[in-house]
Structures are given as structure tokens and as C-alpha cells.
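Observations on the model geometry
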Amino acid sequence: MEFPNNFLWGAASAAYQVEGAYNEDGKGLSIWDEFSQIKGKTKNNTNGKIAVDFYHHYQEDIKLMSEMGLKAYRFSVSWSRILPDGEGKVNQAGLDFYEKVIDELIKNNIEPVVTLYHWDLPEKLQEKYGGWENRKLIDLFVDYCRILFEKFGTKVKYWVTFNEQNVFTSLGYRWASHPPNVSDTKRMFQANHIVNLANAQAISAFHKLVPNGKIGPSFGYGEVYPLTSSPADVLAAVNANQFNNDWWLDVYCYGRYPERILRLLKKMKLDFEITSEDSKVLKTAKPDFLGINYYHGGTVKAPNIDKVRSQKDFNKTDPYLMAADNQDTSPESYLFESVENPYLEKTSFGWEIDPIGFRIALRQVYEKYQLPILITENGLGAFDKLENGKIDDQYRIDYLNDHLVQVGKAISDGVPVLGFCAWSFTDLLSWLNGYDKRYGFVYVDRDDYSSKDLTRIKKKSFYWYQKIIESNGRKLEVK
Ligand code: BG6
């Protein structure tokens, strides 16, 4: 197990989750600023108005990064800080803020990795155009990206287009648990297609403007296992991997959707418009790397089609059409049924812990798409306890150690991994779980009800990661 000498030992964050200053220096509101106002949508109605106030603490935080020896910091730009209305006039103060952050990182030998979209669409674009359901957003996204490419293209080498498109389209348009608070499967697929086009157009624009840079999307990947070796369960896992993973990755890398899923959506009347121009756009844009966010995968068994059929009494002869009329019946019902994995333990927030799944994921993604991989997120959300001014987060050290060992093994297997950005550097706001679900190496003293004084305190894991970076991974413990 050997990490390359230029391996990017990093950490990651997102604007809404750390910055705060939600309406300062000309910033416009984002859809998350609005959505978090709806009672009951986030835990204890938490929001990112102050977050952990990276906006005012960035120098202090970057100093800590430098002390740790961090080689890369992934952060996102808030579109409405650059363009308060999402389009039109540029807010110079917004650009200045990110320039200061980038310069400070570079001064400290930390490679900035810039995410262009981590879910905080300008609210004005939602109101005026209906957000990602409108093709107008493709050009507007590219215009916004161009501003950043032109301004920072010489300073920033690594760029991420969209963070976890799979997550924000599903939660936003299907499950109404993210903005724009919609629950309509058909609309989700339509919006998702438009985001795919925006992703492709942004990549093409980047390649013209920043020929020496590298760009790719960050995808939330989880390998799906069959519950048993029964061929029906294995088929269900093949289906689930296509539906959960290939559905996005094939588009990013090959410019086309998996046929099996397209056919199913058509039968269910959940299909969406793909013009011949769209296909051309998707085919011409190629990412330079794939960003992979890894937390866990899934396990499935064969679906029980009879159960699906009996859910509604009309149109029993054609379950696909029935599904089109019934939002409770989903494409998954025909493909797989999710179950618990009896071999895996869970975090205190109920997420399966599966380090070997990480190695599998990296191997699968690389074998299939032949692109270098930048791990743009991996980490443990936990309730940390501040006791006598200290945080003993040995559980986080164990989690990260075991995952990094598998990254090392995947590298030895031949996967080109550019770097590893732990989620996260400081504690930050969890979109739906408030401030108690902590991920950072650095504790931030605040809770759901009060931003207190936002004091930064290094956790035990801070010193551990510092050692790992310094030894270029040689201090990892192979158990
Ligand atoms: C990823 C996101 O989905 O997971 C992050 O890109 C997010 O923004 C992270 O915070 C952890 O999720 P959660 O729900 O535990 O905050």
C-alpha cells in the first residue's frame, strides 16, 4: 500500500454549510436560505445564516489547515454571492471574498479545489424560471461558471461542476426534503436531464477557457450488493447499480443513459425529452477526472412484483401504467428492493460502515470509466463531546483509518486516485441534521439553538490526520 508522492491529502466543505454571512456584502438569497425557513424541514429549523461563519473566520481556519499540513481544500462557491440574482450584475465583493480565500490557501501551499454548485441555487432563478426545470438554467449556469473560470482559471487547477447531482435532484424534486420541495418523479427526471446538459456545457466551456485545468463532477457513489447469490437477487443488484450509479456516471463519461432504465421510464411514462442536439452536447463533453463522494453503498433483493401489482386496484394488467398514475409506485419497484446488510455495522446516525465497499467502488468506477478519481468526500458524522476543552473522537480516527487503508489498497490495485478530501475540515451544518452531526477535525463551539462564540478546537483526529499526511499514509494502521 503506497500513496503517490503528490497525493492530495485534503478536506472538504460547502458554502451554505460553513460560510454564514447569508446576506452580507451584497450576497443574494439562495433556495436553501428560503427552504430552511419552512418549519419542520430541517432539524430544529436550523439554517446557514451564520453556519460556522467561515466568511469571517477563513484566515483562522486556513491557518489551522496549514498547521495540519493539508495539501488540498475543497470548498464551494455560492452562486448568489457572485451573482445576487443568479444572472446580470456581478457582485465584486463576492468575487473578492473567494479571491482572498484562494490566495490564502495558495500562500499556505494548499491546493484549492473549487466546487461550482453545491446545492445553493440563487433563489431568484427559482422564482423567475422555476430552477432546474427550465433549460434557460443551462446557459445561466455556464455564464456563472465562465466568470469564475476567467477570474480564477490561472490560480485554481481542480474544479468540480456539480456536487452529488443524484442527491440534490432526488431529494429536491422527488422526496421534497430539499428545495425546491417538489415530490414528482417525472419532474425529477426532467430536471436531472437539464442538470446533465448544464454539466456538459460547463465542462466544454472550461476546456476552452482553462486548457491546463482539470474538471469533473462529484458523484455520491455507493456499490450495491445482492443479498444472496440467488440469480434473481444478483439481477436486482445489477439493476440497482444501473439505476443508482450508471444512470449518472454513464451520462458524464459516455454521454448516454443506460438503455434498460430509459425503457422502463418510457413504459412508466416517466420519460423526458432528449433532443438530438442534447445527445451531441452530452457526447462532446468529457470530464478530466471523477469526483467520488463515498459514505456507504446498499444491498438489495429481487423485487416483489406481485406486491407492486396489488398496491392499486386499477389497471392491474399493466403495472407500468399503474405506476405512472401512482406516485407511490416507483421505478425501483420493478428493479430491486432495498434491504439491510447483515454484515455491516452502522454509525450512530444509522449509516452503514463499509470500508471494503470503498475499494470495490473505486475499482468498479475506474475499470468502467478509465478516469482518474479524486475522492471529494468521505467521513464520519457523529455526536462529539467536548470534555475539559478536549474532543476524543477515536471513532472518527478508526473510521477514516479503515477507509484510507482501502483507498491505499485500491491504489495498489491500479486505480489512479489523485487525492482524498475528508468531509470535513471544521464542523459544519448538516443540511437536515443540524449542528450536532459533526464531521470535522476541528470542533466549532455552537449548537442548533445558538451560534455561541464559534471557538475552534482541534479534535484528537486533527493530530492523527496531521501524522498521516506527514507520513504520506505510512502511519495508517492496517488491521
Ligand atoms: C454529502 C454532501 O451528501 O454528504 C455534504 O455532499 C453532506 O454536503 C454530507 O454534508 C453528509 O451528509 P449529512 O446528511 O450527514 O450532512
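Quick look at the structure, then. (Residues numbered from 1 in each chain as written. Predicted model: local features only at pLDDT ≥ 70, side-chain atom pairs only at ≥ 80, totals over all residues. Heavy atoms only, no water.)

A short note on the site of the ligand
Here is the rule: Proximity is defined per residue: if any heavy atom of the residue lies within 4 Å of a molecule or strand, that residue is considered near it. Within 3.5 Å is the distance limit for a polar contact, defined as a pair of N or O atoms, with the added protein rule that one can donate a hydrogen and the other accept it, and that residues adjacent in sequence qualify only through two side-chain atoms. Here, Shrake-Rupley sampling with a 1.4 Å probe gives the accessible areas, and only protein chains in the shown set may cover a residue. When residues are grouped by polarity, Ala, Val, Leu, Ile, Met, Phe, Trp, Tyr, Cys and Pro land in nonpolar, Asp, Glu, Lys and Arg in charged, and all others, Gly among them, in polar.
What surrounds the ligand is a group of 15 residues, the closest being Glu-164, Glu-377, Ser-430, Lys-437 and Tyr-439. Separating an oxygen atom of the ligand from a side-chain N or O atom of Trp-423 is a distance of 3.4 Å. Summarising the interface, the protein chains cover 91% of the accessible area of the ligand, which totals 380 Å² for the free molecule. Residues belonging to the shell around the ligand are distributed by class as follows: six nonpolar, six polar and three charged.

Some thoughts on empty space enclosed by the protein
Just so we agree on the cut-off: Cavities and pockets were defined on a 1 Å grid built from protein atoms only: a cavity is a group of points that admits a 1.4 Å probe but offers it no way out, a pocket is an open group of points flanked by protein on both sides within 12 Å along at least five of seven lines, and a lining residue is one with an atom within 4 Å of any such point. Grid points are joined across faces, edges and corners, and a volume is the space filled by probe spheres set on the points.
Applying the stated criterion across every chain yields a total of six cavities of 30 Å³ or more. Taken as a whole, the largest cavity encloses approximately 70 Å³ of empty space. Forming the walls of the largest cavity are Ala-15, Tyr-16, Glu-19, Gly-20, Tyr-22, Lys-27, Ser-30, Asp-33, Gly-48, Ser-78 and Asp-120. When grouped by side-chain class, the residues that make up the lining of the largest cavity number three nonpolar, four polar and four charged.

Points about the environment of Ala-240
Keep this limit in mind: Under the scheme used here, helices are H or I runs from DSSP no shorter than 4 residues and strands are E runs no shorter than 2 residues, and both carry numbers assigned from the N terminus. Under the scheme applied here, a residue whose accessible area is under 20% of the maximum for its type counts as buried, over 50% as exposed, and between as partly exposed, the area being computed with a 1.4 Å probe on protein chains only. Whether two residues touch is decided by their heavy atoms; if any such pair falls within 4.5 Å, the residues are in contact.
Among the secondary structure elements, Ala-240 is positioned in helix H10 (residues 231–254). The class for Ala-240 is buried, based on a relative accessible area of 0%. Placed 105 residues apart in sequence, Ala-240 and Glu-345 show a C-alpha to C-alpha distance of 21 Å. Apart from residues lying up to four places away in sequence, Ala-240 is in contact with Val-224, Asn-245, Val-300 and Phe-336.

Points about the sheet that holds strand E10 (residues 373–377)
Let me state the cut-off plainly: One requirement defines pairing of two strands: DSSP has to find at least two bridges between them. For helices, the fitted axis covers only the stretch in contact; all axes are lines through C-alpha atoms, and the angles between them, taken along N-to-C directions, range from 0 to 180 degrees.
Spatial strand order, E1-E2-E3-E4-E5-E7-E10-E11: eight strands in a closed barrel with parallel pairing. The sheet shows a mean angle of 25° between the axes of neighbouring strands, direction not considered. Alignment of strand E2 (residues 72–76) against strand E3 (residues 111–117), held across five bridges, turns out to be parallel. Of the residues in E3, the one forming a bridge with Tyr-73 is Pro-112. Across the sheet, helix H16 (residues 355–369) lies against strand E7 (290–293), E10 and strand E11 (417–423), angled at about 135° from E10, the strand it touches most. Along the sheet face, helix H18 (residues 460–470) touches strand E1 (8–12) and E11 and points at about 150° away from the line of E1.

Brief notes about the pairing of E1
Across a regular strand the side chains alternate sides, sitting on one face of the sheet and then on the other. The buried count for E1 comes to five of five residues, which makes it a mostly enclosed element. In this sheet, E11 lies alongside E1 in parallel orientation, the contact comprising five bridges. Bridging across to E11, Ala-11 finds its partner in Ala-422. When E1 meets E2, the two strands line up parallel, connected through three bridges. Across the sheet, residue Gly-10 finds its bridge partner in E2, namely Ala-72.

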